[in-house]
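Overview (structure and organization)
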Amino acid sequence: MSVNLLKKERKDLILKEINVHTRVTFTELVDVLNVSEDTIRRDLNELAEEGEVIKIRGGAMSKAYHYSSQVKETYAHNSKQEIARKALGLLKEGMLVLVGGGTTIRELVKLIPDSLRITFMTVNPLTAVELLDKPNVDIIMVGGQLSRYSQMAVGGEVHQRLSEMRADLCIMGSNAIDSDGGFTDSDWETVLVKKAMIKASKKVAVLSIAEKLDSVMKMKIADISEINYLVTDLDPNDPKLGPYQNKGATLL
């Protein structure tokens, strides 16, 4: 009985790590749980068989982030819905919008009115599929090698295509953002594409749940001064957002 309880506690911790960080590696879970990699592999195999996670090379990812997922709610679902409602106000008839991927972007796509005539260009195939449900949205997919980290198209072909365009608005999710450290991530190819997306757009909106504010990853995408809109689940007057406003970002 105690062994089963320990296993349940361990698997609950694994699920929490995956829900917060979207994807985790065997090594990261070994460090967090202080058990062997073989134990982690067995737990992940069981969680995958139970339909709780999706196995990927070297670890696992959140079921909610996977293209075949039927999950109704993602981590911090209410917060992401609030962010989506705010971001929807940035979309205008006839715009060309460059958009990334992620569960917050997914919530935004769900809210797009069927009557809105707009063009989305994306480097994320999952976002393109989500947009297919919108009858008056034109979808342009930028292709290339897919990153297993971000599920975005990366590489020279993507950079060439982005260099030839000028979008009205770029909308991206965030893994980490800080008033001093800027908009950051931890995968170099993904960082380069996001830099190119910003350069290819007249205005930039970054979507972030409050839990990701004041955090910094290894590689900078942009300074806060390069971001026009920071869209969070907080009230724009929340003191936590003051430093971002001081750097020039409009808070929504």
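The sections below set out a description of the structure shown in this document. Remember, it's a predicted structure, so these values are computed and weren't measured experimentally.

Rules used in this analysis
- Residues numbered from 1 in each chain as written.
- Predicted model: local features only at pLDDT ≥ 70, side-chain atom pairs only at ≥ 80, totals over all residues.
- Heavy atoms only, no water.
- Pairing = 2+ DSSP bridges.
- Helix = DSSP H or I, 4+ residues; strand = E, 2+ residues; numbered from the N terminus.
- Axes fitted to C-alpha atoms, helices over the stretch in contact; angles between N-to-C directions.
- Parallel < 35°, antiparallel > 145°, perpendicular 65-115°, else oblique.
- Left-handed = near helix turned anticlockwise from the far one by under 90°.
- Contact = heavy atoms within 4.5 Å.
- Nonpolar A, V, L, I, M, F, W, Y, C, P; charged D, E, K, R; others polar.
- Buried < 20%, exposed > 50% of the residue type's maximum accessible area, 1.4 Å probe, protein only.
- Arc of directions from axis to C-beta.
- Phe/Tyr/Trp six-rings, centres within 6.5 Å; stacked < 30°, edge-to-face > 60°.
- Lys NZ or Arg CZ within 6 Å of the ring centre and 35° of its normal.
- Salt bridge = Lys/Arg side-chain N within 4 Å of Asp/Glu carboxyl O.
- Core = buried A, V, L, I, M, F, W, Y, C linked by side-chain atoms within 4.5 Å.

Here we come to the sheet that holds strand β6 (residues 137–141). In spatial order, the strands read β6-β5-β4-β9-β12-β14-β15; together these 7 strands make up an open sheet with parallel pairing. A single partner strand is all that each edge strand has here, and the edge strands are β6 and β15 (250–251). Strand direction decides the pairing type here: strand β12 (residues 204–207) and strand β14 (residues 229–231), joined by 3 bridges, are parallel. Each residue of the ladder has a partner; that of Ala205, found in β14, is Tyr229.

Quick look at the packing of helix α4 (residues 77–88) against helix α5 (residues 103–111) now. Where α4 contacts α5, the axes come no closer than 8 Å and their chain directions differ by 55°. One finds that α4 runs oblique with respect to α5. As for the relative orientation of α4 and α5, their crossing is right-handed in sense. In contact with His77, Lys80, Gln81, Ile83, Ala84, Arg85, Ala87 and Leu88 of α4, α5 contributes Thr103, Thr104, Glu107, Leu108 and Leu111. Taken together, the residues of the contact of α4 with α5 break down into 6 nonpolar, 4 polar and 3 charged.

Moving on: the sheet that holds strand β11 (residues 182–185). Spatially, 3 strands are ordered β10-β11-β13 in an open sheet, and the strand pairing comes out antiparallel. The open sheet has two edge strands, β10 (176–178) and β13 (219–222), and neither has a second partner. Within this sheet the neighbouring strands show an average axis-to-axis angle of 35°, counted without direction. Note that β11 and β13 share 3 bridges and pair antiparallel. Bridge assignment links Phe183 to a residue of β13, and that residue is Ala222.

Along helix α2 (residues 26–33), the residues that are buried comprise Phe26, Leu29 and Leu33. End-on, the buried residues of α2 take up no more than an arc of 65°, which puts them together on one face.

Scanning the model with the defined rule gives 0 aromatic pairs in all. Geometry around Phe26 places Arg41 over its ring, the cationic atom sitting 4.1 Å from the centre.

What follows covers the pattern of salt bridges. Pairs can form between side chains of opposite charge once their charged atoms are near each other. Here the structure, examined in full by the defined rule, presents 13 salt bridges. Arg10 serves as the salt-bridge partner of Asp43, at 2.4 Å between the closest nitrogen and oxygen. Of this pair, Asp43 sits in helix α3 (residues 37–49) while Arg10 is found in helix α1 (residues 2–21), placing the two residues 33 residues apart along the sequence. The burial state of Asp43 is the same as that of Arg10; both residues are buried. With a closest N to O distance of 3.0 Å, Glu50 and Lys11 form a salt bridge. Of this pair, Glu50 sits in the loop between α3 and β2 (53–56) while Lys11 is found in helix α1, placing the two residues 39 residues apart along the sequence. Judged by relative accessible area, which is 46%, Glu50 ranks as partly exposed. With a relative accessible area of 11%, Lys11 lands in the buried category. Here the salt bridges do not stand alone but share partners, grouping Lys7, Lys11, Glu46 and Glu50 into one network.

Residue placement: Gln145 occurs in strand β7 (residues 145–146). Judged by its relative accessible area of 57%, Gln145 falls in the exposed class. Distance from Gln145 to Val158, taken between C-alpha atoms, is 8.8 Å for residues 13 residues apart in sequence. Aside from chain neighbours lying at most four places away, what touches Gln145 is Met152, Ala153 and Val154.

Moving on, we get to the nonpolar core. Counting residues in hydrophobic clusters, the biggest one holds 35 residues, and the most contacted among them are Leu162, Met197 and Leu230. Of all the secondary structure elements, the ones that give two or more residues to this core are β8 (153–154), α7 (156–163), β9 (169–173), α8 (188–199), β12 and β13. In terms of residue count, the dominant contributor to this core is α8 (5 residues). For Leu230, the contacting residues outside a window of four places in its chain are Ile177, Val206, Leu213, Leu241, Tyr244, Ala249, Thr250, Leu251 and Leu252. In this structure, Ile105, Ile112, Phe120 and Leu131 belong to the second largest nonpolar core, which totals 25 residues.

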